[in-house]
Amino acid sequence: MMMAVMSMMGGTQARRAQLNREAVLSATPVRLLTMLYDRLLLDLNRAEAAQVVENWQVASENLIHAQAIVSELSTSLNVAAWEGGEGLFAIYTYVSNSLMSANIHRDVDRTRESIALLEPLRQTWHEAAELVPAQTMSAHLGGELGIA
């Protein structure tokens with residue numbers, strides 16, 4: 001009986017992973033950006049919760065994943081494409097360093113600071129995605145918005 005339940009759970013997890021892959025593969029560039037921000041904040045909130053209860057392994061895993069997302073956001077940003085590009089790149093650099101410090105020093109305040117810096121950006125990208133029609137957004141992503 002237990003094996004059957006475990007098998008069903010494994011099947012459910014596999015199906016969820018497949019759906020996530022399909023969502024990423026079919027997403028527009030702007031949707032991918034908002035998905036990255038959503039996952040980044042999820043990771044940071046999970047890391048913060050783990051740090052509070054001193055579950056350092058879970059905190060570290062989430063902080064490392066968050067660092068990978070920030071790295072992806074940094075490398076895909078074309079800083080020359082728009083006026084705010086350099087400022088956004090500076091925020092990504094600062095947050096990346098903060099997340100490393102939060103992990104190394106088990107510093108929940110650095111994690112919270114990163115959340116406070118990134119949550120308004122997440123909200124702004126979601127609002128921008130709603131304002132610009134999908135066809136127009138695709139044309140602008142490589143240009144005006146500075147996202148490769």
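One structure accompanies this document, and this report is about it. (Residues numbered from 1 in each chain as written. Predicted model: local features only at pLDDT ≥ 70, side-chain atom pairs only at ≥ 80, totals over all residues. Heavy atoms only, no water.)

### What about the pattern of salt bridges?
Here is step 1 of the chain: On inspection of all chains with the given rule, the structure shows six salt bridges.
Here is step 2 of the chain: The salt bridge partner of Glu113 is Arg110, with a shortest N-O separation of 3.6 Å. Of this pair, Glu113 and Arg110 are both found in helix H5 (residues 108–131), three residues apart, which corresponds to roughly one turn of the helix.
Here is step 3 of the chain: With relative accessibility at 24%, the residue Arg110 sits in the partly exposed group.
Here is step 4 of the chain: Note that Arg122 and Glu119 form a salt bridge whose closest N and O atoms lie 3.0 Å from each other. Within this pair, Arg122 and its partner Glu119 are both found in helix H5, separated by three residues, close to a single helical turn.
Here is step 5 of the chain: A relative accessible area of 18% means that Arg122 is categorised as buried. (Salt bridge = Lys/Arg side-chain N within 4 Å of Asp/Glu carboxyl O. Helix = DSSP H or I, 4+ residues; strand = E, 2+ residues; numbered from the N terminus. Buried < 20%, exposed > 50% of the residue type's maximum accessible area, 1.4 Å probe, protein only.)

### A few points about the side chain of Asn62
Here is step 1 of the chain: Relative to the helices and strands, Asn62 resides in helix H3 (residues 56–75).
Here is step 2 of the chain: Judged by relative accessible area, Asn62 falls into the buried class, the value being 9%.
Here is step 3 of the chain: Within the structure, Asn62 has its side chain in polar contact with the backbone oxygen of Val58 (distance 2.9 Å).
Here is step 4 of the chain: Apart from residues no more than four positions distant in its own chain, Asn62 is found in contact with Asp43, Arg46 and Ala47. (Polar contact = N/O pair within 3.5 Å; in protein donor to acceptor, adjacent residues only side chain to side chain. Contact = heavy atoms within 4.5 Å.)

### Brief notes about helix H2 (residues 29–52)
Each α-helix turn comprises 3.6 residues. Residues three or four places apart therefore point the same way.
Here is step 1 of the chain: Helix length check: H2, at 24 residues, gives a terminal C-alpha distance of 35 Å against a target of 34 Å (1.5 Å per residue), a fit within 8%.
Here is step 2 of the chain: Along H2, the residues that are buried comprise Val30, Leu33, Thr34, Tyr37, Leu40, Leu41, Asp43, Leu44, Ala47, Glu48, Ala50 and Gln51.
Here is step 3 of the chain: Remark: Glu54 follows H2 within two positions and exhibits a positive phi of approximately 60°. (Expected span 1.5 Å × (residues − 1).)

### Here's the deal with the packing of H2 against H5
Here is step 1 of the chain: Here H2 crosses H5 at 155°, and the two axes come no closer than 9 Å. Classified by the angle their axes make, H2 and H5 are roughly antiparallel. Considering only the axes of H2 and H5, their crossing is left-handed.
Here is step 2 of the chain: Class assignment of the residues belonging to the contact of H2 with H5 gives a composition of 14 nonpolar, six polar and six charged. (Axes fitted to C-alpha atoms, helices over the stretch in contact; angles between N-to-C directions. Parallel < 35°, antiparallel > 145°, perpendicular 65-115°, else oblique. Left-handed = near helix turned anticlockwise from the far one by under 90°. Nonpolar A, V, L, I, M, F, W, Y, C, P; charged D, E, K, R; others polar.)

### Topic: the nonpolar core
Here is step 1 of the chain: Ranked by size, the top nonpolar core spans 21 residues in total, and within it Tyr37, Leu40, Leu44 and Leu118 carry the most contacts.
Here is step 2 of the chain: Listing elements by their share of this core, those giving two or more residues are H2, H3, helix H4 (85–104) and H5.
Here is step 3 of the chain: Of all the elements, H2 adds the most residues to this core, at six residues.
Here is step 4 of the chain: If sequence neighbours within four positions are ignored, Leu118 has contacts with Tyr37, Leu40, Leu41, Leu44 and Val95. (Core = buried A, V, L, I, M, F, W, Y, C linked by side-chain atoms within 4.5 Å.)

### Remarks on the packing of H4 against H5
Here is step 1 of the chain: Between H4 and H5, the least distance of the axes is 9 Å, while the angle of their chain directions is 145°. Considering the relative orientation of H4 and H5, their crossing is left-handed. On the side of H4, the interface is formed by Leu88, Ile91, Tyr94, Val95, Asn97, Ser98, Leu99, Ser101 and Ala102, while H5 contributes Arg110, Thr111, Glu113, Ser114, Leu117, Leu118, Leu121 and Trp125.
Here is step 2 of the chain: Of the residues that constitute the contact of H4 with H5, the class distribution is 10 nonpolar, five polar and two charged.

The quantities given are spatial measurements derived from coordinates; they are silent on function.
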